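Architecture and fold: a report
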Amino acid sequence: MAKKKSHLDKTNAMRLLDAAGVEYTALEIDSSKALSGVEAAQLLNKEPDSVYKTLVCVSKSGTHYVFVVPSNKTLNLKKAAEASDEKSIAMIKEKELLPLTGYVHGGCSPIGMKQEFPCFLDESVLLHEFIIISAGKIGRHIEICPQALLEYLGAKVKELC
C-alpha cells in the first residue's frame, strides 16, 4: 500500500530538493526488497509509464552517464550512446552501483549521487504532468514535475527507448 510520508522521514534526495526549493510529493511503498518499476507503479496506483527508473552506464572511454527511462521500457544502448556522443555505452555492473553512486539497486535516484554525471531523461517525460522517480531508498519515491527535475539535474531530453 502506498502512503504519503511525513516531513520527518526525508531521504538525501528529498533534502536536496528542499534546499533547492523544488516541489515534489514524497511517496512510500511498504517493501523491504527492490521492486520493478512496474510493480512499484501498481502499488502506487499509477500508470507504469509515469514511473521512471534510473540506470547508470559507462562509455568505452570510461565516462559514466545516468539515464532515466520509463519503468515499462528498456534503455536502447545505441540511442544512449548517440545521446551522449559516445561510440558505445554499457550498463555498469550491479556491484559497482553502490560505490559509484551511493545508492543500491532498486533505490537509485538521479538526485544526490556521490558525484554528478551527465544525465539524460527519455523524451516521454514531456508527456506527463508529473513523473515518479526513486527517492534514493528502496520503497521511497518522489513524484515531481518533469521540467523541475530537468532543471534541477541540468539534464537533457533525448529519445532513449
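Not measured: the values here are computed from a predicted model. In every chain, residue numbers begin from 1 and rise along the written sequence. With pLDDT at 70 or above as the cut-off, local features in this predicted model cover only qualifying residues; side-chain atom pairs require 80 or more to be listed or tallied, and sums for whole chains, interfaces and linings still use all residues. Note: side-chain values were computed over all heavy atoms of the structure, leaving out hydrogens and water.

**As for the nonpolar core**
Let me state the cut-off plainly: Among the buried residues, those of types Ala, Val, Leu, Ile, Met, Phe, Trp, Tyr and Cys that are joined through side-chain atoms within 4.5 Å form a nonpolar core. The classification of residues rests on relative accessible area computed with a 1.4 Å probe and restricted to protein chains. Under 20% of the type maximum is buried, over 50% is exposed, and intermediate values are partly exposed. Counting from the N terminus, the helices are DSSP H or I runs at least four residues long and the strands are E runs at least two residues long. Note on contacts: a residue pair qualifies if any of its non-hydrogen atoms lie within 4.5 Å across the two residues.
Formed by 30 residues in total, the largest nonpolar core has its most connected members in V56, I111, L121, I133, I142, I144 and L149. At the level of elements, α1 (12-20), β3 (52-59), β4 (64-70), α4 (94-101), β6 (119-122), β7 (131-134), β8 (140-144) and α5 (146-153) are the ones that each hand at least two residues to this core. Not counting residues within four places of it along the chain, the set of residues in contact with I133 comprises Y52, V68, S109, P110, I111, R140, H141, I142 and L149.

**Notes on the environment of E116**
Its place among the elements puts E116 in the loop between α4 and β6. For E116, a relative accessible area of 79% corresponds to the exposed category. Along the sequence, E116 and L153 sit 37 residues apart, while their C-alpha atoms lie 8.8 Å from each other.

**Thoughts on the packing of aromatic side chains**
Note the cut-off: Within 6.5 Å between ring centres, the rings of Phe, Tyr and Trp (the latter by its six-membered ring) count as paired, and their orientation is classed by plane angle as stacked under 30 degrees, edge-to-face over 60, tilted in between.
Per the counting criterion, the structure on display carries 3 aromatic pairs. Between Y65 and F67, the aromatic rings sit 6.3 Å apart at their centres with planes inclined by 35°, giving tilted as the arrangement. You'll find Y65 and F67 in the same group, each marked buried. Ring centres of Y65 and F120 lie 6.2 Å apart, and the angle between their planes is 45°; this geometry places the pair in the tilted category.

**A look at the sheet that holds strand β9 (residues 156-158)**
We count it as follows: Two strands qualify as a pair provided DSSP detects at least 2 bridges between them. Axis definition: a line fit to C-alpha positions, over the contact stretch in the case of helices; interaxial angles, taken between N-to-C directions, run 0 to 180 degrees.
The strand order across the open sheet formed by 5 strands is β5-β3-β4-β6-β9, and the pairing between neighbours is mixed. Edge positions in the sheet fall to β5 (89-91) and β9, since each has one partner strand and no second. Sheet twist, expressed as the mean angle between neighbouring strand axes with direction ignored, is 35°. Note that β3 and β4 share 7 bridges and pair antiparallel.

**Quick word on the pattern of salt bridges**
As a reminder, the rule being used: The rule for a salt bridge is simple: a side-chain nitrogen of Lys or Arg has to be within 4 Å of a carboxyl oxygen of Asp or Glu.
Taken as a whole and judged by the stated rule, the model has 4 salt bridges. Across the pair D18 and K10 runs a salt bridge, and its minimum N-O distance is 3.0 Å. Residue D18 is classed as partly exposed on the basis of its relative accessible area, which comes to 37%. When its relative accessible area of 24% is taken as the criterion, K10 is described as partly exposed.

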